[in-house]
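Per-entry structural report
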Amino acid sequence: MQQTFFFQAMVYLASAVITVPIAKKLGLGSVLGYLLAGIIIGPAGLEFIGQEGTDIMHFAEFGVVIMLFVIGLELEPSRLWHLRKSILGMGGVQVGATSLVVAGLAILFGIDWKQALALGMIASLSSTAIVLQSLNEKGLMKTAAGQSSFAVLLFQDIAVIPMLALFPLLASDTNVPVVEGGHSHTTLVDSLPAWLQPFVVLGSVAAIIAVGRYATPPLFRIIARTGMREMFTATALLLVVGIAVLMTTVGLSPALGTFLAGVVLANSEYRHELESDIDPFKGLLLGLFFIAVGASIDFQLVMANPGLILSLVLGIMACKLIVLFLLGKSFSLSNNQNSIFSFGLSQVGEFAFVLFSFSLQEGILSKEITDMMTAVVAISMAFTPLVMLLNEKLMLPRLTVKQDEPEKESDLVEQDNPVIIAGYGHFGSTIGRFLQANNVQATVLDSNSDNVDYLRRMGFNVFYGDASRHDLLEIAGAARAKVIVIAIGDEAKRLELIETIKKHFPELHILVRSTNRYDAYDLMNAGMLHIYRETLDTSLRVGVDALTLLGYRAHEANRSAKTFFIHDERTLKRLSAIRNDDEYVHAVRETQSELEQILQADRTAESLRVDEGWDEGSLIAENNELVK
Amino acid sequence: MARILIQFAHPALSKSQVHRVLIDYCRNQKNVTVNDLYESYPDMFIDVDREQKLVLQNDIILFQFPLYWYSSPAIIKQWFDLVLEHNWAYGSRGNALAGKKMGCIISCGGGPDTYLPTGRNHYPVDQFLLPFEQTARLCKMQYLPPFVVYGTFHITKEVIRQSGEQYQTILSALANDRLNALNYQEATYFNELLPDLQTVGQV
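The structure presented is a predicted model; accordingly, all values stated were derived computationally and were not measured. (Residues numbered from 1 in each chain as written. Chains lettered and ligands numbered in written order. Predicted model: local features only at pLDDT ≥ 70, side-chain atom pairs only at ≥ 80, totals over all residues. Heavy atoms only, no water.)

Quick notes on the overall build of chain A
A tally of helices and strands in chain A yields 26 helices and six strands. For chain A, with 628 residues in total, the buried portion stands at 48%. Nonlocal contacts in chain A, meaning residues at least 24 apart in sequence, comprise 75% of its contacts between residues at least 6 apart. (Helix = DSSP H or I, 4+ residues; strand = E, 2+ residues; numbered from the N terminus. Buried < 20%, exposed > 50% of the residue type's maximum accessible area, 1.4 Å probe, protein only. Contact = heavy atoms within 4.5 Å.)

Following this line, the structure appears as structure tokens:
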């Protein structure tokens, strides 16, 4: 058993590791890579996986659930409210119109109206997984097309629930035999009296909101304080899995439940950390899901009626595309945005598989139809990356040239702050306050959860997380920020963070705090240009006040301090250049000899001469000579 | 060709209308170096060595600034105090600047009529610039007549643009040594020389 599990895991991982990078390299996108991997290892190819493909698909659908959680995390409730028109308007019209058009055509081809309506509704759904993954990969999520796609997909996900409720009514008493077996769809709720059911459903939604809002932040705080990252990941997963279980129990879509939880948690300080912890699971499970879709394409069936299947695929996609394009037009999407939107959503989605098996059990559709349609849906999903690529390469260049209408303002604008401050203790918070006083917003990362909690209650925009992780930096907007201030107190952590930034975000300007001269040398070796010794300015201010108390004029003492400051920075640079590694060994002696060197440099420094323009000595001397 | 150094001083450039445009007109000029003093020395701590080197590398030093309280913004005065050292810029052994040209490019809020004996400011602008003129003389430099943009309290975009173009003409004339063909020492303001400069340019 274990043997087969490892072997299976190896096959899936190997196929993905080989095909996905190749597909990416060829510009096909990762989704197509996974689908190809599935086809290759599936029954049609190397036959590594057979019938269990569909089981894996059910398991991998959990990837979609996690994905909606992550999407929810990025959508604050206020932004969701902004999107309400697009979700209800575009989504509603899309599902309604596509269902009717496809159903109408099916009736024309002589299919019973009940079956036709079921097929229409199934066909109106698109693939959340494929579309969002592809749009994300192309960086199109923030565009008008991305936002519209998201709104429509969200509505579709919600629409599945009434569809499941509606389908039993479509069960015809005529010719289709009811297939027994499969997994039963009786849920806990079904066993309750009818009047109680809506309350249970509403109650669980309310429970998710209440738990997300009030129970999870303290829980995460406790977990974060343990300092064990894997516990944080485990808690995040537990949250998602728990919601999925709850939702399935009451008969709601798990994806919808986790999405809701994500939205509730979008305002919390743990959002970035949650997102980066969950992200790898999302990616892998979605990948598995795409592989399963690829593997589930029944090529024997396809080969038996290639013409019929192909025309069904193209016909349905064309129907969807036309409806979507008209919809985009009426919601005033510009032409090129509209083509991304309508080509992108033209496939039939993964919910179709669920609805097919459901309608098979309910006796709505016959086995021949669902088998054939399953292949059609899988192929349409596989076509999607190709269609999007085609649109990108052929349609968009033409549309973009004559584009003159202004692009629709995106409803959802990610807060891209120009500054990231890593470490928000006394050092970092002063910087943050100063920037805020000048109306510059900063994204703040801090790994002290107590600190984060307190600052957030004070109304600061602070997130919990270890800044040296590149995924967290990515989410904090490091790719778009201009400046990062490293104000962390831990020297080793700072160097780690610098390495990460240099590797992943080379464009970012780095301003870094340093503890002392020796730390500053290390930072210089790491290639830092902007280094701020945390004690230098303060010590000099003390020196100035000491001089003033001794009777020096304040202005002169101040200028002298500034001169000393510049001189000291120069000495630091010079000494860092002549330092060698052996000296590290004798740290104590080195400190001694270095202080000597510094004092020597002070004594002979040409750069310490100051303000000679205000010195009248030479003038007086010259005048005296003239008098003589 | 002569090399020109523009010593530019505006303590709040983001609030300026005139100088932002003027400075744009000289940014990409050949042989012109713009030294933005408030940007280089935000705490008025002038690097004397650097400034002296810059001055030595150029033949013509222009001070560009808005007239505040009948004089320059503080950093220009600080610059004179600290950079023009005895026995470097002046004094028996101070010949570093000898033979160079120096001038002022200024803007003032009031119109030309306010700088008349009958006007609010009572004296003409060139008299307020006497310290510059005499400093040039003490450092053995030739003092150029000042270029003045008047009336910035009520100035239009069009006039600012014209002033920018005039500034450009002046800079190119200075860079190409075309000024010596004119009797520039007779002029009180550079503005008077502009029509002649254009004809000289045609030749």
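Once the structure has been displayed, the description carries forward.
Some details on the packing of aromatic side chains
In this description, an aromatic ring pair is defined by two values, namely the gap between the centres and the angle between the planes. Under the counting rule described, the total for this entry stands at 19 aromatic pairs over all chains. Plain terms: the ring middles of F232 of chain A and Y270 of chain A are 6.0 Å apart, the flat faces sit at 50° to each other, and that makes the pair tilted. Of this pair, F232 of chain A sits in helix α10 (residues 229-250) while Y270 of chain A sits in the loop between α11 (254-265) and α12 (271-296), placing them 38 residues apart in sequence. Neither F232 of chain A nor Y270 of chain A differs from the other in exposure class; each is buried. Taking 6.1 Å as the distance between ring centres and 85° as the angle between the ring planes, the aromatic pair formed by Y123 of chain B and F128 of chain B counts as edge-to-face. Given a relative accessible area of 42%, Y123 of chain B falls into the partly exposed group. (Phe/Tyr/Trp six-rings, centres within 6.5 Å; stacked < 30°, edge-to-face > 60°.)

Overview of the interface of chain A and chain B
Facing 13 residues of chain A, the contacting portion of chain B comprises 14 residues. Both faces combined, the contact of chain A with chain B buries some 1200 Å², and carbon together with sulfur accounts for 47% of it. Across the contact surface, chain A and chain B share one salt bridge. Two residues, D43 of chain B and K562 of chain A, come together in a salt bridge whose shortest N-O distance is 2.7 Å. On the surface where chain A and chain B come into contact, there are five residue pairs in polar contact (both at pLDDT 80 or more). For the side of chain A that touches chain B, the elements supplying multiple residues, two or more each, are α24 (554-578) and α26 (617-627) of chain A. Partitioning the side of chain A that touches chain B into residue classes produces three nonpolar, three polar and seven charged. (Buried area = accessible area lost by both parts, 1.4 Å probe. Salt bridge = Lys/Arg side-chain N within 4 Å of Asp/Glu carboxyl O. Polar contact = N/O pair within 3.5 Å; in protein donor to acceptor, adjacent residues only side chain to side chain. Nonpolar A, V, L, I, M, F, W, Y, C, P; charged D, E, K, R; others polar.)

Digging into the nonpolar core
Residues F150, F167, F290 and F341 of chain A are the most contacted members of the largest nonpolar core, which totals 134 residues. Those residues in contact with F167 of chain A, other than ones at most four positions away along the chain, are A118, M121, I122, L355, F358, S359 and I364 of chain A. Counting residues in each nonpolar core, the second largest holds 37 residues, with F65, W79, C104 and F128 of chain B among its members. (Core = buried A, V, L, I, M, F, W, Y, C linked by side-chain atoms within 4.5 Å.)

A short note on unusual backbone geometry
Residues and elements named next belong to chain B. Located in the positive-phi region is N31, a residue other than glycine, with phi close to 65°. Positionally, N31 belongs in the loop between α1 (18-27) and β2 (32-36). Of note, the phi angle at D177 is positive, near 55°, even though the residue is not glycine. Among the secondary structure elements, D177 is positioned in the loop between α7 (157-175) and α8 (194-202). By relative accessible area, D177 is classed as partly exposed at 42%.

Topic: the pairing of strand β5 (residues 509-514) of chain A
Residues and elements named next belong to chain A. Note that strand β4 (residues 483-486) and β5 share four bridges and pair parallel. Residue pairing across strands places V485 opposite L511, the latter belonging to β5. Read from β4 through helix α21 (residues 491-504) to β5, the crossover connection turns out right-handed. Both β5 and strand β6 (residues 530-533) contribute to a ladder of four bridges, which runs parallel. Residue pairing for β6: L511 is matched across the bridge by H530. Each parallel crossover has a hand, and for β5 linked through helix α22 (residues 517-525) to β6 it is right-handed. (Pairing = 2+ DSSP bridges. Right-handed = clockwise from strand over helix to strand, strands pointing away.)

A closer look at the environment of P418 of chain A
Residues and elements named next belong to chain A. Locating P418 in the fold gives a position in the loop between α17 (367-401) and β1 (419-422). Along the sequence, P418 and G477 sit 59 residues apart, while their C-alpha atoms lie 8.6 Å from each other. Ignoring anything within four residues of it in the chain, the contact list for P418 reads V440, Q441, A481, K482 and V483.

Quick look at the sheet that holds β1 of chain A
Residues and elements named next belong to chain A. What the six strands build is an open sheet, ordered β3-β2-β1-β4-β5-β6; its pairing is parallel. In this open sheet, the two strands that pair with only one neighbour each are β3 (462-464) and β6. Within this sheet the neighbouring strands show an average axis-to-axis angle of 20°, counted without direction. Strand direction decides the pairing type here: strand β2 (residues 442-446) and β3, joined by three bridges, are parallel. From the neighbouring strand, V444 faces β3, where its bridge partner is V462. Strand contacts of helix α18 (residues 426-437): β1, β2, β4 and β5, with the helix running at about 160° to β1, the strand carrying the most contacts. (Axes fitted to C-alpha atoms, helices over the stretch in contact; angles between N-to-C directions.)

Description of the packing of helix α8 (residues 144-170) of chain A against helix α15 (residues 335-344) of chain A
Packed helices, taken two at a time, are described by their axes: the angle between them and the distance between them. Residue and element names in this part refer to chain A. Following both chains from N to C, one finds α8 and α15 inclined at 35°, their axes separated by 8 Å at the closest point. Between α8 and α15 lies a crossing of right-handed hand. For the pair formed by α8 and α15, the contact residues are A144, A145, S148, S149 and V152 on the first element and Q337, I340 and F341 on the second. (Left-handed = near helix turned anticlockwise from the far one by under 90°.)

As for the side chain of S380 of chain A
Residue and element names in this part refer to chain A. Note on placement: S380 falls in helix α17. Its relative accessible area of 2% is what places S380 among the buried residues. Reaching out from S380, the side chain makes a polar contact with the backbone nitrogen of V348 at a distance of 3.1 Å. For S380, the residues in contact, after removing those within four places along its chain, are V313, M317, Q347 and V348.

A look at the confidence of the model for chain A
All names here are of chain A. With 88% of its residues at a pLDDT of at least 70, chain A reaches an overall mean of 81. Scored below 50 in pLDDT, residues 401-415 shows 27 contacts in the model against residues more than four places distant or in partner chains. Segment residues 584-588: pLDDT under 50, and two contacts once partners within four positions in sequence are set aside and those in other chains are kept. (pLDDT = per-residue confidence, 0-100.)

What to know about the pattern of salt bridges
All names here are of chain A. Scanning the entire structure with this criterion turns up 16 salt bridges over all chains. Across the salt bridge formed by D568 and R517, the nearest N and O atoms sit 3.3 Å from each other. Highlighted residues: D568 in helix α24 and R517 in helix α22, separated in sequence by 51 residues. Bridged by salt links that share partners, the residues R517, R533, D568 and E569 form one connected network.

Looking at a nonpolar patch on the surface
A grouping of F7, M10, L36, I40, L46 and F48 of chain A is seen on the molecular surface, where their side chains present a nonpolar patch of about 560 Å² in accessible area. Elements supplying a minimum of two residues to the nonpolar patch: α1 (2-25) and α2 (30-41) of chain A. (Patch = residues over 30% accessible without salt bridge, like charges linked within 9 Å, V, L, I, M, F, W, Y side chains within 5 Å. Areas by Shrake-Rupley, 256 points an atom, 1.4 Å probe, with all protein chains shown as cover.)

A closer look at helix α4 (residues 74-83) of chain B
For α4 of chain B, a buried count of seven out of ten residues is recorded, marking the element as mostly surrounded by other parts of the structure. Among all positions in α4 of chain B, only I75, I76, Q78, W79, F80, L82 and V83 of chain B are buried.

Considering the pairing of β2 of chain A
Residue and element names in this part refer to chain A. The element β2 is extensively covered by neighbouring structure, given that five of its five residues are classed as buried. Covered by surrounding structure in β2 are A442, V444 and D446 together with T443 and L445, the residues of both alternating faces. In terms of strand pairing, β1 meets β2 through four bridges, oriented parallel. Bridge pairing in β2 places I421 opposite V444. Taken together, β1, α18 and β2 constitute a β-α-β crossover, and its handedness is right-handed.

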